[in-house]
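Examining the three-dimensional arrangement
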Amino acid sequence: MKKTGVIAAFLLLASQCAAIKYERPAFDRAETEAAAAAIEQAPMPVKSEAPVDELVAVADRAAQRLRDHTGPLCEAIGSETCGFALRIAGNEEANAFADEKGTIWITVALLRYLETEDEVAAMLAHEIAHRMSGHDASAATAARYYQAMRYTLGGSSPSSAASRQSASARHLIALEADADYLAAFLLKRAGYDLTAAENVWITLAKVSNNKAASIMATHPLSAERLAAWRRVAAELDADPEALPRVAGN
Ligand SMILES: [Zn+2]
């Protein structure tokens with residue numbers, strides 16, 4: 001009996017370390033270029049002046065709607081970490097992340113950039129997807145460091161160090177793409193509009209490109225992200241009940 005307990009504890013520990021990966025649909029160069037053009041042509045986002053209570057109420061409502069729809073997805077992907085809490089922070093920096101205890105954090109500064117509940121829900125769903133996929137806190141921390149380094153103005157490193165960094169950057173970008181992928185399914189099931197929600201990725205790209213804002217230190221941003229989102233959105237429009245495809249099982 002005692003021996004069984006030890007084995008079970010070990011398996012639990014092991015499963016927490018393994019991130020769930022997905023077979024994401026491919027998108028082509030034309031789709032990436034269309035996404036880049038959409039980002040380029042979109043107006044610079046404007047911060048909302050809405051009262052904090054109002055922003056918090058929208059975030060709470062979106063979190064609850066998403067929470068009500070995690071069940072079937074968790075079962076489909078074999079996730080053991082589906083519960084989450086939402087905390088809204090008063091920071092002046094626009095950011096969102098999931099911590100290792102299952103709390104999704106989003107700042108009021110970021111909420112001010114999000115125009116609709118669909119966009120707020122997409123941002124939260126992305127963080128919930130990190131949690132559901134077992135992306136551990138050390139990866140999230142690494143992502144923050146990696147993104148902070150994007151704004152380094154100079155320096156050099158031995159080629160071996162550079163290649164290690166590039167491999168870890170690729171890994172982190174794959175985690176972000178996986179989170180976006182799963183988030184789309186969660187959003188669809190919760191009844192949100194994925195096309196309306198895509199504006200969140202455009203907004204983040206625009207604000208992030210504006211170096212005056214240190215927005216979204218935890219999230220790589222690109223036309224690829226929007227192109228991938230549109231591809232999954234199209235698949236879910238065709239089949240709203242579709243389930244995410246888990247890789248390597
Ligand atoms: Zn992320």
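This text goes with the structure placed above it.
This write-up is about the structure you can find in this document. None of the values given here were measured: they were computed from a predicted structure.

**Some details on the overall build of the chain**
Assigned secondary structure in the chain consists of 11 helices and 3 strands. Counting from the amino terminus, helix and strand elements in the chain follow one another as α-α-α-α-β-β-β-α-α-α-α-α-α-α. Within the span of the chain, comprising 249 residues, buried residues form 33% of the whole. Put simply, of all contacts in the chain between residues at least 6 apart along the chain, 79% involve residues at least 24 apart.

**Details of helix H11 (residues 223-238)**
Taking 1.5 Å per residue, 16 residues should reach 22 Å; H11 reaches 23 Å between its end C-alpha atoms and fits that length. By the burial criterion, the buried members of H11 are Ala 223, Arg 225, Leu 226, Ala 227, Ala 228, Trp 229, Arg 230 and Val 232.

**A short note on helix H6 (residues 117-132)**
Taking 1.5 Å per residue, 16 residues should reach 22 Å; H6 reaches 21 Å between its end C-alpha atoms and fits that length. Taking burial as the measure, the 16 residues of H6 include 15 buried ones, the bulk of the element. Once H6 ends, the next one or two residues include Gly 134, with phi positive near 75°.

**Examining the nonpolar core**
Counting residues in hydrophobic clusters, the biggest one holds 56 residues, and the most contacted among them are Ala 121, Leu 124, Ala 125 and Leu 187. Take this core: its biggest share by element is 10 residues, from helix H8 (residues 159-189). When near neighbours in sequence (up to four residues on either side) are disregarded, Ala 121 contacts Ala 62, Arg 65, Leu 66, Leu 187, Ala 190, Tyr 192 and Ala 197.

Parameters and conventions
Residues numbered from 1 in each chain as written. Predicted model: local features only at pLDDT ≥ 70, side-chain atom pairs only at ≥ 80, totals over all residues. Helix = DSSP H or I, 4+ residues; strand = E, 2+ residues; numbered from the N terminus. Buried ≥ 20, exposed ≤ 12 C-beta atoms within 10 Å, placed from the backbone. Contact = placed C-beta atoms within 7 Å. Expected span 1.5 Å × (residues − 1). Core = buried A, V, L, I, M, F, W, Y, C linked by C-beta atoms within 7 Å.

Scope: geometric values only; no functional claims are made or implied.
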